[in-house]
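# What the coordinates show
The residues making up each chain are set out below.
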Amino acid sequence: MFSFIREWRYSTHPARIESKCRRNVFIGSKAAFLLFKDEEVRQFLKFNEADETEQDRFFNEMVVTNLVMFLLVLDEQIIEAESSGRKEYLRVLRENIPPFYYSYLKELGIAAGYVEMWEKLVKLRYDEYDRDRFAWRRAFMDIDYEAATNKQVMIFQTVAFGLYDHLRRGHASQGDPLFKRIQHSLFPIYKEFMDKIYKIF
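Residues numbered from 1 in each chain as written. Predicted model: local features only at pLDDT ≥ 70, side-chain atom pairs only at ≥ 80, totals over all residues. Heavy atoms only, no water.

Mapped onto the fold, Phe 134 is located in helix α6 (residues 112–140). Given the relative accessible area of 43%, Phe 134 is considered partly exposed. Sequence-wise, Phe 134 and Ser 83 are 51 residues apart; in three dimensions their C-alpha atoms are separated by 26 Å. (Helix = DSSP H or I, 4+ residues; strand = E, 2+ residues; numbered from the N terminus. Buried < 20%, exposed > 50% of the residue type's maximum accessible area, 1.4 Å probe, protein only.)

Moving on, we get to the pattern of salt bridges. Enumeration according to the criterion identifies 16 salt bridges in this entry. Among the ionic pairs, Arg 91 bridges to Glu 95, the shortest N-O distance being 3.2 Å. With Arg 91 and Glu 95 both in helix α5 (residues 84–107) and four residues apart, this pair spans about one turn of that helix. By relative accessible area, which is 35% here, Arg 91 ends up partly exposed. Since its relative accessible area comes to 48%, Glu 95 is described here as partly exposed. Of the charged contacts in the structure, one is a salt bridge between Arg 125 and Glu 128, with a shortest N-O distance of 3.1 Å. Residue Arg 125 and its partner Glu 128 are located together in helix α6, separated by three residues, close to a single helical turn. In this structure, Arg 125 and Glu 128 share a single accessibility class: buried. (Salt bridge = Lys/Arg side-chain N within 4 Å of Asp/Glu carboxyl O.)

Tallying each qualifying case throughout the model produces one cavity of 30 Å³ or more. Each pocket or cavity is described by its volume, and for the largest cavity that value is around 80 Å³. For the largest cavity, the full set of lining residues is Asn 24, Val 25, Gly 28, Ser 29, Val 63, Asn 66, Leu 67, Phe 70, Ile 97, Tyr 101 and Phe 193. Mapped by element, the contributors of at least two residues to the lining of the largest cavity are α2 (14–37), α4 (52–80) and α5. Of the residues that constitute the lining of the largest cavity, the class distribution is seven nonpolar, four polar and no charged. (1 Å grid on protein atoms, 1.4 Å probe; cavity = no way out; pocket = protein on both sides within 12 Å on 5 of 7 lines; lining within 4 Å. Points joined across faces, edges and corners; volume = space filled by probe spheres on them. Nonpolar A, V, L, I, M, F, W, Y, C, P; charged D, E, K, R; others polar.)

Turning our attention to the packing of α2 against α5. For any two helices packed against each other, one specifies the inter-axial angle together with the distance between the axes. For the pair α2 and α5, the least separation of the axes is 8 Å and the interaxial angle reads 65°. Both α2 and α5 take part in a crossing whose hand is right-handed. The segment α2 lies against α5, with Arg 16, Ile 17, Glu 18, Lys 20, Cys 21, Arg 22, Val 25, Phe 26 and Ser 29 engaging Tyr 89, Val 92, Leu 93, Asn 96, Ile 97, Phe 100, Tyr 101, Tyr 104 and Glu 107. Considering only residue class, the contact of α2 with α5 consists of 11 nonpolar, two polar and five charged. (Axes fitted to C-alpha atoms, helices over the stretch in contact; angles between N-to-C directions. Left-handed = near helix turned anticlockwise from the far one by under 90°. Contact = heavy atoms within 4.5 Å.)

By the element assignment, Ala 135 lies in helix α6. Classification of Ala 135 as partly exposed rests on a relative accessible area of 34%. Sequence separation between Ala 135 and Leu 93 is 42 residues, and the spatial gap between their C-alpha atoms is 27 Å.

With that settled, consider unusual backbone geometry. A positive phi is found at Lys 46, a non-glycine position, where the angle reads about 50°. In this structure, Lys 46 sits in the loop between α3 (39–45) and α4. According to the relative accessible area criterion, Lys 46 is exposed, its value standing at 54%. Even without glycine at this site, Arg 169 takes up a positive phi of about 55°. Relative to the helices and strands, Arg 169 is located in the loop between α8 (151–167) and α9 (177–199).

Here we take up the layout of surface pockets. There is about 420 Å³ of room inside the largest pocket. In terms of lining residues, the largest pocket is bounded by 16 residues, among which Phe 59, Asn 60, Tyr 101, Tyr 114 and Trp 118 are the most central. For the lining of the largest pocket, the element with the most residues is α4, which contributes five residues. Grouping the constituent residues of the lining of the largest pocket by class yields 12 nonpolar, two polar and two charged.

The following block contains the structure:
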């Protein structure tokens, strides 16, 4: 009985993996939409003064940040997984998240050309945040060693600042309330991703 439960828990059956991909993509997309509609965020961004292209860019950055955050969290959990079953399950899930998302966009009727643009944006932000988290770690070493050595904290810090920096188009400023608001909004999503991974959904 217990062996059956273990096998089911780490099952990589395509239908189960697709279900988990869908659930987590929806979690990230819903959170991005709520952040996009947040009145304080819009006030900080002077949203109503921005043209439609810039407003769309805000939303795209919010969506891609949640997706990349989940991928980075999975990357680290795969490395830390103690059992081969858990490691393989997380690896297959991680491998299927991006293609599921692109397929989902096509289901929504997004033109192939725009889907290709999304693929490039996801890869661009993933590569950027994966690189930047090590820079954050070095910067934190003399400030907060405990935080610097916590890989999950560094992932959160990296994606939160990355989103903030892109929303501000590189014009970050100390004490900007937008950054604090982004941290506050992203943390529940980050925690939900972590909880689901530890519980294997």
